[in-house]
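Fold and geometry: a report
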Amino acid sequence: MDAREAALRQAYDHAVRWLASLPDRRIPARASVDEIVSALGAELPAGPGTPADVVDLLATACEPGLTAFPSGRFYGFVVGGTEPAALAADWLVSAWDQNCVMRTVSPAYAAAEEIAGAWLLDLLGLPSDSSVGFTTGATMANFTCLAAGRDTVLRRTGWNVAHDGLTGGPHVRVVAGESRHMAIDLALRYLGLGRPDLVAADGQGRIEPEALRRALTEGGQSPTIVILQAGEIHSGAFDPFAASIRAAREAGAWVHVDGAFGLWAAASPSRAHLTAGCSDADSWATDAHKTLNVPYDCGLAIVRDASAVRAAMGQRGDYLIHHEQGDPIDKVPELSRRGRAFTVWAALRSLGRSGVSDLVERLCRHASAFAAGIAGIDGATVLNEVAFTQVCAEFGSDGRTDRILARLLDDGTAWISGSTWHGRRVMRISVSNWSTTDDDVARTLDAIRRAAAGATEAHRSAPGGR
C-alpha cells in the first residue's frame, strides 16, 4: 500500500466512525479552539510527516471540536446535511481534481453540469433555456444574478458597465422587502450598489405588492432591480410573486428572487403553490447544500437570459480553450473551482423526481410537528405560520426564551439557535437535514420540554423569582 492509499484509507475509517456516531452523539462541540490548537500542534514541523499519520492526527485532534452539523438533530441557521450519493460523489470530486471551467478540458464535468442544470430547471419549474451556474453558496449566487441584472438595466440606458464601470453612470435603484436576508445587502455592497430601498412587509415578512407598486411609481425612471424572496429566514414565508412581479414589470425592473432554501418548494406538488408566479422573474438564487442536501459548497445562480450572465461573468484569456457552445466559466465569478455539479447530479440521480418531492415534504412535516409540540408547552407561543421548514417560538419573555436556549445547548441533544424577530427573542428551528427522523423530532421536543421546565424552576428558585 503506497502513502496515498494509506492516507485515504485512514480518512475513510475516520469518516465512517464520525458518521456512525451522529445518531447518539452530543450535537455541540465538546472542545474549545485553544484545546484543538494544542492537540493539533501550533509549531510547524521541521520536516515531512507520513500522510496517514497526518490524517490520523487531524481527525483525532479535531473530532472533539466538531459540531454535529450532519446530525438529524441540528436545527440551527439553515444547514442541510449531505445525502449519501452526494457525499460519495464529493469524495470523487476531490480525487478527480478537475478544474471545472472549460468544456474542452473537462468534458465530464461540462456534461454533468449540463444535465444537472436541466434537471434543476425542470424540478423548480423555471424556464428551460435559463443559465445555471454553480457557485460557492447562496451569497455568491445572489451576487452573480444581481450582477447580470445590474449590467442589463444599465445597458438599457446605453451605459456599458463592463467598459466604463459605475462612476458617472446612471444610479441603479434596488428595491427589496424590509425582511430580506442580509446576504442581499452583502451582494449589493460587493456590486457597488449600496443599500436597497426598503418596502413594507407583513408580519410574516412577505413584501406588500401595493407598497412595492407605490415605491416603484414614486422612484422615477432610474434603472431598477426588484428583489423578492422565497422563504423568509424566520417565518419561511414566500413573497406574493404574481402581484409583485406585475408591479415590477410595469416599472421596467429586473426581478430577482432570493430562494436560498425556499425555492425548492416548487419541487413538491403540495408546496408548489408557495412559488406561484415565481418563474416570471429574471433570475433566481438558491443553495443546494440547504434543502437538496449536497455537500458544502454549492450555490446555484439561475438567470433567464443566458447572454446577460455571460456578459457579466464571462472571461476571456489567450491561454484558455474556449468552446463555441460556451463554458462553465461564463456563468459564475470563480476561475478556479471544484466540480460542484457532480454532487448535484448524484443527489438528483439518487433521489429522482419523487425523492426530491418526498424530501421537501418530510422537512415540512417535521417543522409542523415541532410547531404542534412546542405549542403544547406552558407559556410557549409559535409566532409564524408554518408553511415550509421554519419555526419561530417564544416562551413568555425574552429572558425565559434565552434561558431555555442555553439549557438546550447544555443538554446537547439538539442544536437550536436563538434570534430576534420583531423585537422579541425567539427560538428558531430550521428543519433542513435529509436524515432527520420522527424520533429525532420527538427526542428534540423532549429536550425542549426539559429545558423549559428547568428554566421555570431555576427562575422560581432565584431570589425574587416566583
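Here the structure is shown first, and the text comes after it.
First, a word on scope: everything that follows refers to the structure included in this document. (Residues numbered from 1 in each chain as written. Predicted model: local features only at pLDDT ≥ 70, side-chain atom pairs only at ≥ 80, totals over all residues. Heavy atoms only, no water.)

1. A closer look at the pairing of strand 6 (residues 283–287)
Definition in use: Between buried and exposed lies partly exposed: a residue is buried under 20% and exposed over 50% of the maximum accessible area for its type, with that area taken using a 1.4 Å probe on protein chains only. Numbered from the N terminus, helices here are DSSP runs of H or I no shorter than four residues, and strands are runs of E no shorter than two. Strand pairing is assigned whenever DSSP detects at least two bridges linking the two strands.
For strand 6, the buried fraction is high: five of the five residues fall into the buried class. A two-sided burial pattern is seen for strand 6, the buried positions comprising S283, A285 and D287 on one face and W284 and T286 on the other. Both strand 5 (residues 254–258) and strand 6 contribute to a ladder of three bridges, which runs parallel. Considered in strand 6, the bridge of D258 is made with A285. Where strand 6 and strand 7 (residues 299–303) come together, five bridges link them in antiparallel fashion. Within the sheet, the bridge partner assigned to D287 lies in strand 7 and is G299.

2. Some thoughts on the sheet that holds strand 8 (residues 381–382)
What the four strands build is an open sheet, ordered 8-9-11-10; its pairing is antiparallel. Bordering the open sheet on either side are strand 8 and strand 10 (417–421), each of which pairs with just one other strand. Bridge count for strand 10 against strand 11 (residues 424–430) is five bridges, and the pairing is antiparallel. Among the inter-strand pairings, S417 is bridged to a residue of strand 11, identified as R428.

3. Looking at the sheet that holds strand 4 (residues 224–229)
Note the cut-off: To get an axis, a line is fitted to the C-alpha atoms, and for a helix only the part in contact is used. The angle between two axes follows their N-to-C directions and goes from 0 to 180 degrees.
Across the sheet, seven strands lie side by side as 1-7-6-5-4-2-3; this open sheet has mixed pairing. Each end of this open sheet is capped by a strand with a single partner; those strands are strand 1 (131–135) and strand 3 (197–199). Shown here is a sheet whose adjacent strand axes are inclined to one another by a mean of 20°, direction ignored.

4. What about a nonpolar patch on the surface?
What counts, and what does not: In this scheme, patches are assembled from residues that exceed 30% relative accessible area and form no salt bridge. Like charges are connected within 9 Å, while nonpolar side chains (Val, Leu, Ile, Met, Phe, Trp, Tyr) are connected within 5 Å. Accessible surface is estimated by sampling points in the Shrake-Rupley manner with a 1.4 Å probe; for residues, cover comes only from the protein chains shown. For this analysis, a salt bridge means a side-chain nitrogen from Lys or Arg found within 4 Å of a carboxyl oxygen belonging to Asp or Glu.
Among the surface-exposed residues, Y12, V16 and W91 lie close enough to one another that they form a single nonpolar patch of about 300 Å² accessible area. For W91, the position within the fold is in helix 4 (residues 84–96).

5. Brief notes about the environment of I329
So the rule is basically this: Note on contacts: a residue pair is in contact if any heavy atoms of the two residues lie within 4.5 Å.
In this structure, I329 sits in the loop between helix 11 (306–313) and helix 12 (340–375). In this structure the C-alpha to C-alpha distance between I329 and L274, which are 55 residues apart in sequence, comes to 33 Å. Not counting residues up to four positions away in its chain, the partners in contact with I329 are V101, M313, G314, Q315, L320, L335 and R337.

6. Notes on the environment of T381
Tracing the backbone through its elements, the reader meets T381 in strand 8. Taking the C-alpha atoms as reference, T381 lies 8.6 Å from C392; in sequence the two are 11 residues apart. Excluding anything up to four places from it in sequence, T381 contacts C392, A393 and E394.

7. Brief notes about the pairing of strand 9 (residues 390–394)
Taking burial as the measure, the five residues of strand 9 include five buried ones, the bulk of the element. Of the two faces of strand 9, both are covered, the one formed by Q390, C392 and E394 as well as the one formed by V391 and A393. Strand direction decides the pairing type here: strand 8 and strand 9, joined by two bridges, are antiparallel. Note on strand 9: the bridge partner recorded for T381 is E394.

8. Focus: the nonpolar core
Formally: In these notes, a set of buried Ala, Val, Leu, Ile, Met, Phe, Trp, Tyr and Cys residues joined through side-chain atoms within 4.5 Å is what counts as a nonpolar core.
The biggest cluster of nonpolar side chains holds 56 residues, and the ones touching the most others in it are F134, L292 and V344. The biggest single contributor to this core is helix 12, with eight residues. In this structure F134 touches Y109, E113, A116, G117, L120, C298, G299, L300, V332, R340, A341 and V344, once residues within four positions along its chain are discounted.

9. Thoughts on the packing of aromatic side chains
Let me state the cut-off plainly: The rule is short: rings of Phe, Tyr and Trp, with Trp giving its six-membered ring, pair when the centres are within 6.5 Å, and they are stacked under 30 degrees, edge-to-face over 60, tilted in between.
Counted according to the given criterion, the structure contains 11 aromatic pairs. Centre to centre, the rings of F69 and F74 are 4.6 Å apart; their planes meet at 45°, and the pair counts as tilted. Judged by its relative accessible area of 35%, F69 falls in the partly exposed class. Judged by centre distance (5.7 Å) and plane angle (25°), the rings of F74 and W415 are stacked. Taken together, the residues F74 in the loop between helix 3 (51–62) and helix 4 and W415 in the loop between helix 13 (398–411) and strand 10 connect sequence positions 341 residues apart. Given the relative accessible area of 18%, W415 is considered buried. Taken together through their ring pairs, the aromatic side chains of F69, F74, F77 and W415 make up a single cluster.

Keep in mind these numbers describe shape, not what the thing actually does.
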